[in-house]
Structure formats: structure tokens, C-alpha cells
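Chain residues, written in single-letter form:
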Amino acid sequence: MTTQKLTQKIKTDQNPLSIWFIHDDRPGHLNQLHGLSERLSAHHKIITTWFDANLNQVSWLEALLKKTNKTEGRTPPDIIIGAGHKTHKVLLFNARAHHAFSVVLMKPSLPLSFFDAIICPKHDNLKESNRILNTCGALNKVTPAAILTQKTKHLMLIGGPSKHFEWQAQPLVAQIQAICQKHTDKEWLLSNSPRTPSSFMTQLMKLNIPNLCIYHYQDNNLEDLDSLLQQCAAVWITPDSVSMVYESLTARAPSFLFNMSP
């Protein structure tokens, strides 16, 4: 489907838009997709279908056939949106099969011309055009905090090794310790992420910093991150995690970056 045809459909057709979301089950990419889904639904009625690109080929083909079986009342997609390099082939295969509008939420690893639209942060250095929309940071599903929201919590968000920053555990531990010692009247909450090495968490816990509460990102005892960020008076974040940085900024939390070498 061309941009012109999609625009005309949105303007003239009162029926819901059928949107398929292709993901790789990574939290950052899922947050981007959910955030976009929520904003699209605020402007137009939509029907969403979600596919995990990590499924083996037989599984997702079976899922595809099931989802498009007209006897089950399924609606073919008008738009297919993917986030994550693993989603590219599945996205393009389905877009071609269903004549759907293809959108990728990142700088793709395949030629730009393969996709109808590309939504990506300015820091990916793609020149904006009719096909490319630049965003200020990564999309996310965080709701900005109300102006009068009480900000009483203090948070640290830890990423892990990446291709953009040098991961050095000891200097990072020293920074965490220094912040806690400087603000002994504050209780600091710290959460890791899927990329955080387990050895780093072990090293940090051995210090027994009295005003630091350490959580695993899957710990149910830690409040939902979206809600937590809205209540934070300060958030320290490792710069390797662009998604966490912009989630904090979107929540209107005072945000600070740990020092890491590019």
C-alpha cells in the first residue's frame, strides 16, 4: 500500500485500521511499539495483532495463516510495524503478501527503499524525508507526570555491555557508591536490565550500601517503571540504554547520566 492510498483510507474510511505489530520480545522494542500503538489509538480506531519474530519459521507461518483465515473473521493488515533487526524479514514478507503499508521503528539493516516508512531517533543520522520521520529519542509508552505530581523517589537504572559504550563495572560501582554517600538522607532504588551482567550485581550487593535497595528488573516487588518514573525527584541512568534515558525524560523526571567512555 502506498502512502497516498493509506492517507486516503484514513481520511475516508470510518472502519478501524488493522495494524500488525512484529516484535523480537526485547523490552525496549516492545515499549516503542506499545507507545506508538497507544498514540495511534488516540487518533483513530485500530485493531491490533502481535507477532513474535523469534518464533521458528513454521510457528509464525502457522500463526500467520491462522490470523488471516477469513472464516475466523480476521482482518488482513492495513499497516505492519516492526521494531528490532530480527523483525525485518517477517515484516516485509507479510507486507508484500497482504499489500500492507510497512513501517520500521529504527534504522534498518536492509536498504531503506524496502520499507514504506522509517521512524527513528535523530541520533541514528538518517536525513528526514517523505519516507523517514526523525524523533527526539526513542519512542516509549511512558506518560508524562502531571505538573503537581509529588516527586519523592530516587532511582538508578543500569544497562550493560553494548557496542556504543565501554562497560567497566568497577568505575560504575564507585559512582553508585559516591552518589549514595553524598545523599545519605535519600533512599535509592536500583534496577538492572536484561543486559546487566550478574557479576556486576553480585559485586554491588557485597558492598551493603545502607541507603541502596537493589532489585532485579523482573522483581514483582519493584513498582511498575512507568509509574515509578513519574514519582522520581532524580534518576541516574547508564547512557548505553537509550530507551531508559528517554523513558525518564518523557516522565519529566530530573535525569542524570553515569559517566561511561564511548
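Right, let's walk through the structure included here. Nothing here was measured: the structure is a model prediction, and the numbers come from that model.

Definitions and limits used
Residues numbered from 1 in each chain as written. Predicted model: local features only at pLDDT ≥ 70, side-chain atom pairs only at ≥ 80, totals over all residues. Heavy atoms only, no water. Helix = DSSP H or I, 4+ residues; strand = E, 2+ residues; numbered from the N terminus. Buried < 20%, exposed > 50% of the residue type's maximum accessible area, 1.4 Å probe, protein only. Contact = heavy atoms within 4.5 Å. Areas by Shrake-Rupley, 256 points an atom, 1.4 Å probe, with all protein chains shown as cover. Lys, Arg positive; Asp, Glu negative; His and termini not counted. Charge placed at Lys NZ, Arg CZ, Asp CG, Glu CD. Pairing = 2+ DSSP bridges. Axes fitted to C-alpha atoms, helices over the stretch in contact; angles between N-to-C directions. Right-handed = clockwise from strand over helix to strand, strands pointing away. Phe/Tyr/Trp six-rings, centres within 6.5 Å; stacked < 30°, edge-to-face > 60°.

## Focus on the overall build of the protein chain
Of regular secondary structure, the protein chain possesses 8 helices and 11 strands. Expressed as a percentage of the 262 residues in the protein chain, the buried residues total 43%. The contacts in the protein chain between residues at least 6 apart in sequence include a share of 60% that link residues at least 24 apart. Total accessible area on the protein chain is roughly 14,600 Å²; 52% of this is exposed by carbon and sulfur atoms. Each charge sign in the protein chain was given a centre, from 26 positive and 20 negative side chains, and these centres are 6 Å apart.

## A look at the sheet that holds strand β7 (residues 153-157)
Pairing between the strands of a sheet is mediated by backbone hydrogen bonds and can be parallel or antiparallel. Spatially, 5 strands are ordered β9-β8-β7-β10-β11 in an open sheet, and the strand pairing comes out parallel. The open sheet terminates on both sides in strands that have one partner only, identified here as β9 (212-215) and β11 (255-257). Between one strand and the next, the sheet's axes are offset by a mean angle of 20 degrees, whatever the strand orientation. One ladder, built from 3 bridges, connects strand β10 (residues 232-237) with β11; its direction is parallel. Residue pairing in the sheet places Ile237 in a bridge with Leu257 of β11.

## Digging into the pairing of β9
Direction of pairing for strand β8 (residues 188-191) relative to β9: parallel, over a ladder of 4 bridges. Its bridge partner being in β9, Leu190 is matched across the sheet by Ile214. Handedness of the crossover joining β8 and β9 through helix α6 (residues 198-205) is recorded here as right-handed.

## Regarding the pairing of strand β4 (residues 101-104)
On β4, burial covers both faces: Phe101 and Val103 on one face and Ser102 and Val104 on the other are all buried. Of the strand pairs in this sheet, strand β3 (residues 79-82) and β4 are connected by 4 bridges, and their pairing is parallel. The partner of Ile81 across the bridge, within β4, is Val103. Chirality of the crossover, the property in question, places the unit of β3, helix α4 (residues 88-98) and β4 among those that are right-handed. Here β4 pairs with strand β5 (residues 117-121) via 2 bridges, running parallel. Looking across to β5, one finds that Val104 is bridged to Ile118.

## What about the packing of aromatic side chains?
The tally for this structure, following the rule as stated, stands at 5 aromatic pairs. When the ring of Trp20 is compared with that of Phe51, the centres are 5.0 Å apart and the planes differ by 55 degrees; the resulting orientation is tilted. Within this pair, whereas Trp20 is found in strand β1 (residues 17-23), its partner Phe51 is found in strand β2 (residues 46-52), the two being separated by 31 residues in sequence. Taking relative accessible area as the criterion, Phe51 reaches 7% and is therefore assigned buried. Aromatic pair Trp167 and Phe200: ring centres 5.4 Å apart, planes at 65 degrees, arrangement edge-to-face. Separated by 33 residues along the polypeptide, Trp167 in the loop between β7 and α5 (169-182) and Phe200 in helix α6 bring together distant segments of the chain. Taken individually, Trp167 and Phe200 each receive the classification buried, so the pair is uniform in this respect. Aromatic ring contacts, followed pair by pair, group Trp236, Phe256 and Phe258 into a single cluster.

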